[in-house]
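# Observations on the three-dimensional arrangement
Listed here are the chains, written in short residue letters.
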Amino acid sequence: MSAVRVGLVGAGPWAKIFHAPMITGGPETELTATWARRPEAAQEIADEFGGAVASSFENLLDSVDALVFAVPPFIQADLAAQAAAAGKPMLLEKPLGVDLAEAEKLVQAIDEAGVPTQVMFTNRYSPKIREFLDKAREQTPIGAIGYYINQAALPGGTFATPWRLEKGNLLDLGPHVLDTLDAAVGPIVEVRGEGDLKRWYILTATHEGGVISQAQLSLTSPVVEDVAGVKVYTEQGELSCEFVGKDGDPEAPNVIRREFAEVVKSGKSHDVDVHRALYIQRLLEQAAPKN
């Protein structure tokens, strides 16, 4: 079968580190074109990974079968709505929008257009983490902890980007932790947060059945290496997983690519789609500081 012609939206650090290598890492997809607000950044992607540089977002839409997004949430929400209207399947980043209203508006546009979607909750594509989740669902949970602690947004850090510096830990790290805790322990019915979004933030979640989980988030802690993962304590024992990353599962990008190609060709959304992302974003809204 022919490869899916993919357009990459964005050419920042994460696009270079993850998205472009993922798209070009196997026969299921090809990087046909890249568009970014800075053409020189898109050219760097093209020089290293191939494909053309699209002169405009509209030109990108006209030249590809599907889109992979690697842009900040406040940019993604508007562009993805345009892509939905053009009938393009999409692999979107989390969070969907910079706030819940943006996310809800985008999901409405996608539903009205009827295009299939998949969302980049990277941990959900790791075979190791899928095995961890399967085991956790078979056992009786007592409690759980999650943690995502790094120094990515310290001054000069690779991911010290404006939206992360403004919004802090919750919108960037929170989706990974809440999604994994929810999938492992059971649906979260309530979550609250406390602390400093730009330094250290703590989440406390209540799951169906009354089990409590907690998580610590920080983008600005001077750790030697990232600390990211989940531990679930059950009546049968302890289960743990490390998130995808430096010491995570290198197979995850291959799974993402293969499953996105299937989404595009089948026209059917992935289980981890915009509705899953909207559910998680509603939890993030609950957990945000109340001013």
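Preceding block: the structure.
Residues numbered from 1 in each chain as written. Predicted model: local features only at pLDDT ≥ 70, side-chain atom pairs only at ≥ 80, totals over all residues. Heavy atoms only, no water.

Where strand 7 (residues 141–149) and strand 10 (residues 212–218) come together, seven bridges link them in parallel fashion. In the sheet register, glycine 143 faces strand 10, and the bridge partner there is isoleucine 212. Inspection of the sheet shows strand 9 (residues 200–207) paired to strand 10 by six bridges, in the antiparallel sense. When the bridges of strand 10 are listed, tyrosine 201 appears paired with leucine 217. Connecting strand 9 to the next strand, strand 10, in antiparallel fashion are four residues, including glycine 209 with a positive phi near 95 degrees. (Pairing = 2+ DSSP bridges. Helix = DSSP H or I, 4+ residues; strand = E, 2+ residues; numbered from the N terminus.)

All right, on to the sheet that holds strand 8 (residues 188–196) then. Strand order in the open sheet formed by six strands is 8-9-10-7-11-12, and the pairing between neighbours is mixed. The open sheet terminates on both sides in strands that have one partner only, identified here as strand 8 and strand 12 (237–242). Put simply, the sheet's adjacent strands are angled 15 degrees from each other on average, direction ignored. By the bridge criterion, six bridges tie strand 11 (residues 227–234) to strand 12 in an arrangement that is antiparallel. Bridge pairing links glycine 229 to glutamate 242 in strand 12. With respect to the sheet, helix 10 (residues 274–287) is in contact with strand 8 and strand 9, its orientation differing from that of strand 8 by roughly 45 degrees. (Axes fitted to C-alpha atoms, helices over the stretch in contact; angles between N-to-C directions. Contact = heavy atoms within 4.5 Å.)

Note that every value here comes from positions in space, so none of it alone points to a role or purpose.
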